[in-house]
Amino acid sequence: MLRYVLRRLLYTLPIAIGVSLVCFALVHLAPGDPISAVLPENASPAVIQEVRAAYGFDKPLPAQYFIWLKRVLTGDLGTSIKTGRPVLWEIVPAIRNSMLLAAAAIALAFAGGCLLGTLAGYTRRPTVDRAVTALAVTGVSLPHYWLGMVLIVLFSVQLRLLPATGMGAPDIAHLILPAVTLAVIPMGILARSVRASVGEIRRQEFVQTLYAKGLGGGQVLAHVAKNAAPAVMAVMGLQFAQMLGGSILVETVFAWPGTGFLLNAAIFTRDLPILQGTILVLAMLFVFTNLIVDMLQMLVDPRVKRA
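Small disclaimer: the values here were computed from a predicted structure and weren't measured. Sequence order sets the numbering: in each chain, residues are counted from 1 along the sequence as written. Owing to the predicted nature of the model, reporting of local features is limited to residues with pLDDT of at least 70; listing and counting of side-chain atom pairs is limited to 80 or more, with chain, interface and lining totals taken over all residues. As a convention, hydrogens and water are excluded, and side-chain values are obtained from all of the structure's heavy atoms.

Let us look at the overall build of the chain. The helix and strand tally for the chain stands at 13 helices and zero strands. In sequence order, the secondary structure elements of the chain are arranged as α-α-α-α-α-α-α-α-α-α-α-α-α. Taken along its principal axes, the extent of the C-alpha atoms in the chain is 85 × 60 × 30 Å. Here's how the labels work: a residue is buried when its accessible area is under 20% of the maximum for its type, exposed when over 50%, partly exposed in between, all with a 1.4 Å probe on protein chains only. For the chain, the residues scored as buried account for 40% of the 307 residues in total. Pairs at least 24 residues apart make up 75% of the contacts formed inside the chain by residues separated by at least 6 positions. Surface exposure of the chain reaches about 16700 Å², of which carbon and sulfur atoms provide 68%. Counting rule for charge: Lys and Arg are taken as positive, Asp and Glu as negative, and neither His nor the chain ends is counted. Every charge is mapped onto a representative atom, which is NZ of Lys, CZ of Arg, CG of Asp or CD of Glu. Charge centroids of the chain, computed over 24 positive and 14 negative side chains, lie 14 Å from each other. Numbering of helices and strands starts at the N terminus; helices are DSSP runs of H or I of at least 4 residues and strands are runs of E of at least 2. Whether two residues touch is decided by their heavy atoms; if any such pair falls within 4.5 Å, the residues are in contact. In these tables, accessible area is a Shrake-Rupley quantity obtained with a 1.4 Å probe, and a residue counts as shielded only by the protein chains included in the view.

Listed below in structure tokens is the structure:
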């Protein structure tokens, strides 16, 4: 097991280097000058040059990259151009809020997706299978931002049952609408994945052998679920990682102060250090989430280690 873990960590190293290069390059390829966000329009060339030197933007891009990478490795992600605070101070609360939202959403998606997928894959009724498939396709097809606005109009404006925006204390009431909105697409993806895995495993010979040995339906279902778990865990891990960085529209609609909301604000203000730091942290979270999922898959299914 230790050899497998070390090998996976070794594979992660070049991915991390590539991620850092992409994060650094993308924000520099974007149009506009980030210095203009902190200087008045009538700033003199001398002041502009001084500020550029203070932020290190006067150096060649390779030199900027290595200076930036050296600081990142020591935990220094730079200073926000807009607020003047360390980038890490801005990112940590945002990540905590995004993880809270993503955890609630993935719990809903996992419960609903596994229930619907197992029902569709294990049942012998074509009508149930078609109904679940239609629900899953509908959920995957719904745009996040549109569903969020519909839920706000329905439950906040008309029924006045739930708060429309913000995070609150936090409390469950503020979490419900954004979590439901964020969970719909992953729920559809999980439902389709579970349906395919359960349906394929149910047709295998060992399932018929279990029935022949006299096991009940619940016991056979437990064996089917155990064999389907690795594939489901892989999909769920990817969806959770995407929620952390891909919820920018949901967090913007609900004014949820997470990484998506932070990225949206940084884009409009051209806050380059915030963009670099947030994208890098989210990308590394995505990479290490996949690594953790691989470890869990190996524990659940020893065949992964032998492969």
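Take the layout of surface pockets next. The rule is simple: put a 1 Å grid over the protein atoms alone, call a set of points where a 1.4 Å probe fits but cannot get out a cavity, call an open set with protein on both sides within 12 Å along at least five of seven lines a pocket, and count a residue as lining if it has an atom within 4 Å of a point. Grid points are joined across faces, edges and corners, and a volume is the space filled by probe spheres set on the points. Space inside the second largest pocket adds up to approximately 220 Å³. Mapped by element, the contributors of at least two residues to the lining of the second largest pocket are α1 (2-29), α3 (61-73) and α12 (272-300). A per-class count over the lining of the second largest pocket returns ten nonpolar, one polar and no charged. These domain boundaries are the output of an automatic or database domain assignment. When we break the lining of the second largest pocket down by domain, the ones giving at least three residues each are domain 1 (1-74) and domain 2 (94-145 + 183-305). For this scheme, ten residues count as nonpolar: Ala, Val, Leu, Ile, Met, Phe, Trp, Tyr, Cys and Pro. Four count as charged, namely Asp, Glu, Lys and Arg, and the remainder, Gly too, count as polar.

Remark: helix α4 (residues 87-122) packs on helix α5 (residues 126-141), axes separated minimally by 8 Å, with the N-to-C direction vectors making an angle of 145°. Between α4 and α5 the crossing geometry is left-handed. Mapping the contact onto sequence places L116, L119 and A120 in α4 and V128, D129 and V132 in α5. Counted by class, the contact of α4 with α5 contains five nonpolar, no polar and one charged residues. Here the axes come from fitting lines to C-alpha atoms, over the contacting stretch only for helices, and the angles between their N-to-C directions go from 0 to 180 degrees. What makes a crossing left-handed is the near helix being turned counterclockwise from the far one by less than a right angle; a clockwise turn instead makes it right-handed.

A separate point is unusual backbone geometry. Unlike most non-glycine residues, R160 shows phi in positive territory, near 55°. Positive phi outside glycine occurs at A255, with the angle close to 50°.

For the rest of this paragraph, the subject is the packing of aromatic side chains. Note on aromatic pairs: each is described by the distance of the centres and the angle between the planes. Ring pairs shown here join Phe, Tyr and Trp side chains whose ring centres sit within 6.5 Å, with only the six-membered ring taken for Trp; geometry is labelled stacked below 30 degrees between planes, edge-to-face above 60, and tilted in between. What the rule picks out here adds up to four aromatic pairs. A centroid spacing of 5.3 Å and a plane angle of 70° characterise the contact between Y65 and F66, whose relative ring orientation is edge-to-face. Accessibility expressed as a relative area gives 55% for F66, which makes it exposed.

This next bit is on the confidence of the model for the chain. The quantity called pLDDT is the predictor's confidence in a given residue, expressed from 0 to 100. Per-residue confidence for the chain gives a mean pLDDT of 81; residues scoring 70 or more make up 90%. Within the chain, the lowest mean pLDDT, 55, falls on helix α13 (residues 303-306), and the highest, 90, falls on helix α6 (residues 144-158).

A separate point is the UniProt feature "transmembrane region" (unreviewed entry) in the chain. UniProt positions are given in the numbering used here, feature names are shortened, and annotations may be inferred rather than shown by experiment. As recorded in UniProt, the feature "transmembrane region" (unreviewed entry) lies at residues 9-30, 99-122, 134-155, 175-194, 248-268 and 274-296. Between the first and last C-alpha atoms of residues 134-155 the distance is 25 Å; the span itself is 91% helix and 0% strand. End C-alpha atoms of residues 175-194 are separated by 26 Å, and the span's content is 100% helix alongside 0% strand.

Another aspect to go through is the packing of α4 against helix α7 (residues 172-202). Their axes nearest at 5 Å, the elements α4 and α7 cross at an angle of 35°. Handedness of the α4/α7 crossing: right-handed.

Another point: the environment of G75. Secondary-structure assignment places G75 in the loop between α3 and α4. Measuring from C-alpha to C-alpha, the distance between G75 and L88 comes to 8.0 Å, with 13 residues separating the pair along the chain.

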